[in-house]
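Tertiary structure, described
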Amino acid sequence: MKEILLVIFISLTSAKLYSTVRPLPGTTLGEVNRDCLLWASKSDGQLVVAFEGLGAFRKKAAKKLYAYHDLLKKGGSVMSPSNGSMAYVTDNVLIKNLSQTYDKSEFLILPHSKEGKEKSISYQCVKAWHKVHKENLRLIIVGHSFGGNAAKRLMNTLFDKISNLKVKAMLSLDPRLKSRFVTKANIKKHYVFYQKGFLRGYPYKDSRGDEFTKNIVVPGSLINGPEGNNHANLTLYKDVQRTYLDLILF
């Protein structure tokens, strides 16, 4: 009996110890460092860090994304979870394309508030991944609306703190607040999609030229989706979807 209980205890402990844990808002930075080091050690080195816009992050949607990803990695037939949480990056970009990208990358979704700075979940997790993979880390940063500002802050912090990390790509969707939107030299490729209607986005400047930062204005007539505004529906725009997939798959 004691031997059976011991086997059960070891099995449960091992399952918890070696399961994939992604940090959520409220996770302490010490836990972020520990969990992201273990997470990175089980990955081949590609990570997408994405930021929702103002009021769009949903912890329930994030957990749905991670559970769906884990199921896909285990194999077998898996139904895509239902949409409708108004978490635009989570639902319209990450989950929508996960059946094609689940075995190519790992994913971290966060709210925009307080993210991107040195004492933030996003930076500390990327720092842990870089510690594991070093120059082999393939990082993709995605931000929508005010999440575009968080993406910008993470870019700037990485430029200042981990100067040898070259970010594979950055995807900005209707980034808000037009001041000081400048792509740093640590970004290999930056795609900025924005529209000029309600809650418009803004382009980036890049002294290196449009070979590195490509600003794409999307006419409102080309944007469709279930939401009542183009700012939210931009996440579903066909070229946004295609660009996102290309960044992960190639």
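Since the structure is predicted, the reported quantities are computational estimates derived from the model, not experimental observations. (Residues numbered from 1 in each chain as written. Predicted model: local features only at pLDDT ≥ 70, side-chain atom pairs only at ≥ 80, totals over all residues. Heavy atoms only, no water.)

Describing the packing of helix α6 (residues 121-133) against helix α7 (residues 146-161)
Quick note on the threshold: Note on method: axes are straight lines fitted to C-alpha atoms, helices fitted across the in-contact stretch only, with angles between N-to-C directions ranging 0 to 180 degrees. Numbering goes from the N terminus for both helices and strands, where a helix is a DSSP run of H or I of at least four residues and a strand is a run of E of at least two. Oblique is the label for any angle not under 35 degrees, not over 145, and not in the 65 to 115 range, which are roughly parallel, roughly antiparallel and roughly perpendicular in turn. The hand of a helix crossing depends on one turn: near helix anticlockwise from the far one by less than a right angle means left-handed, and clockwise means right-handed. The contact definition used throughout considers only heavy atoms, calling two residues in contact when any of these lie within 4.5 Å.
Packing of α6 against α7 leaves a shortest axis separation of 10 Å and a crossing angle of 45°. Considering their axes alone, α6 and α7 lie oblique with respect to each other. Handedness of the α6/α7 crossing: right-handed. Between α6 and α7, the contacting residues are S122, Y123 and V126 on the first element and L154, T157, L158 and K161 on the second.

Considering the nonpolar core
Under the convention used in this document: For the purposes of this section, nonpolar cores are sets of buried Ala, Val, Leu, Ile, Met, Phe, Trp, Tyr and Cys residues that join through side-chain atoms within 4.5 Å. Relative accessibility thresholds used throughout: buried, under 20% of the residue-type maximum; exposed, over 50%; partly exposed, between the two (1.4 Å probe, protein chains only).
Counting residues in each nonpolar core, the largest one holds 65 residues, and the members touching the most others are L94, I109, L139, I141, L158 and F193. The leading source of residues in this core is α6, at 6 residues. Excluding anything up to four places from it in sequence, I109 contacts A50, F51, E52, F57, A62, L65, Y66, V89, T90 and L94.

Some thoughts on the confidence of the model for the chain
Applicable threshold: Each residue gets a pLDDT score, which is the predictor's confidence in that residue and runs from 0 to 100.
Overall, the predicted model of the chain reaches an average pLDDT of 92, with 92% of residues at or above 70. This stretch, residues 1-18, has a pLDDT under 50; its non-local contacts, to residues over four places away or in other chains, come to 2 contacts.

Topic: the pattern of salt bridges
Close approach of charged atoms lets side chains of opposite charge pair. Keep this limit in mind: Put simply, a salt bridge is a Lys or Arg side-chain nitrogen that is within 4 Å of an Asp or Glu carboxyl oxygen.
All told, the structure shown has 11 salt bridges when counted by the stated rule. Between D70 and K73 there is a salt bridge, with the nearest N and O atoms lying 3.7 Å from each other. Note that D70 and K73 are positioned in helix α3 (residues 59-74) at a spacing of 3 residues, about one turn of the helix. Its relative accessible area of 34% is what places K73 among the partly exposed residues. The network of salt bridges with shared partners includes R22, D70, K73 and E106.

Structural notes on the sheet that holds strand β2 (residues 106-110)
For the record, the criterion: Think of it this way: DSSP has to see at least two bridges between two strands before they count as a pair.
The strand order β2-β1-β3-β4-β5-β6 describes an open sheet built from 6 strands, whose pairing is parallel. Of all strands in the sheet, those with a lone pairing partner are β2 and β6 (213-217), marking the two edges. Neighbour-to-neighbour, the strand axes of the sheet open up by a mean angle of 10°, direction not taken into account. Of the pairings in the sheet, the one linking strand β5 (residues 190-194) to β6 comprises 5 bridges and is parallel in character. From the neighbouring strand, Y194 faces β6, where its bridge partner is V217. Along the sheet, α7 contacts β1 (46-51), β3 (138-144) and β4 (169-173); its crossing angle with β3, the most-contacted strand, is approximately 145°.

Observations regarding the side chain of S105
Stated formally: Pairs of N or O atoms are called polar contacts if they sit within 3.5 Å, as long as, within protein, a hydrogen donor faces a hydrogen acceptor (for residues adjacent in sequence, only side-chain-to-side-chain pairs).
Note that S105 resides in the loop between α5 (98-101) and β2. Assessed through its relative accessible area of 3%, S105 is described here as buried. Only 3.3 Å separates the side chain of S105 from the backbone oxygen of Q46, close enough to count as a polar contact. Discounting chain neighbours no more than four positions away, the residues touching S105 are Q46, L47, V48, H69 and I248.

Some details on the pairing of β3
Basically, it comes down to this: Classification remark: right-handed applies to a crossover when, strands pointing away from the viewer, the course from the first strand over the helix to the second runs clockwise.
Taken across its 7 residues, β3 has 6 buried, putting it largely inside the fold. Of the pairings in the sheet, the one linking β1 to β3 comprises 6 bridges and is parallel in character. Within the sheet, the bridge partner assigned to V48 lies in β3 and is I140. Taken together, the 5 bridges between β3 and β4 define a ladder with parallel strand orientation. Residue I140 lies in a different strand from β4, and its bridge partner there is A169. Tracing the backbone out of β3, into α7 and back to the parallel element β4 gives a crossover that is right-handed.

Focus on unusual backbone geometry
Positive phi is not limited to glycine here, since K134 has a value of about 50°. When you line up the elements, K134 lands in the loop between α6 and β3. Assessed through its relative accessible area of 46%, K134 is described here as partly exposed. In this structure, D174 takes a positive phi of about 50° despite not being glycine. With respect to the secondary-structure elements, D174 resides in the loop between β4 and β5. Classification of D174 as buried rests on a relative accessible area of 0%.

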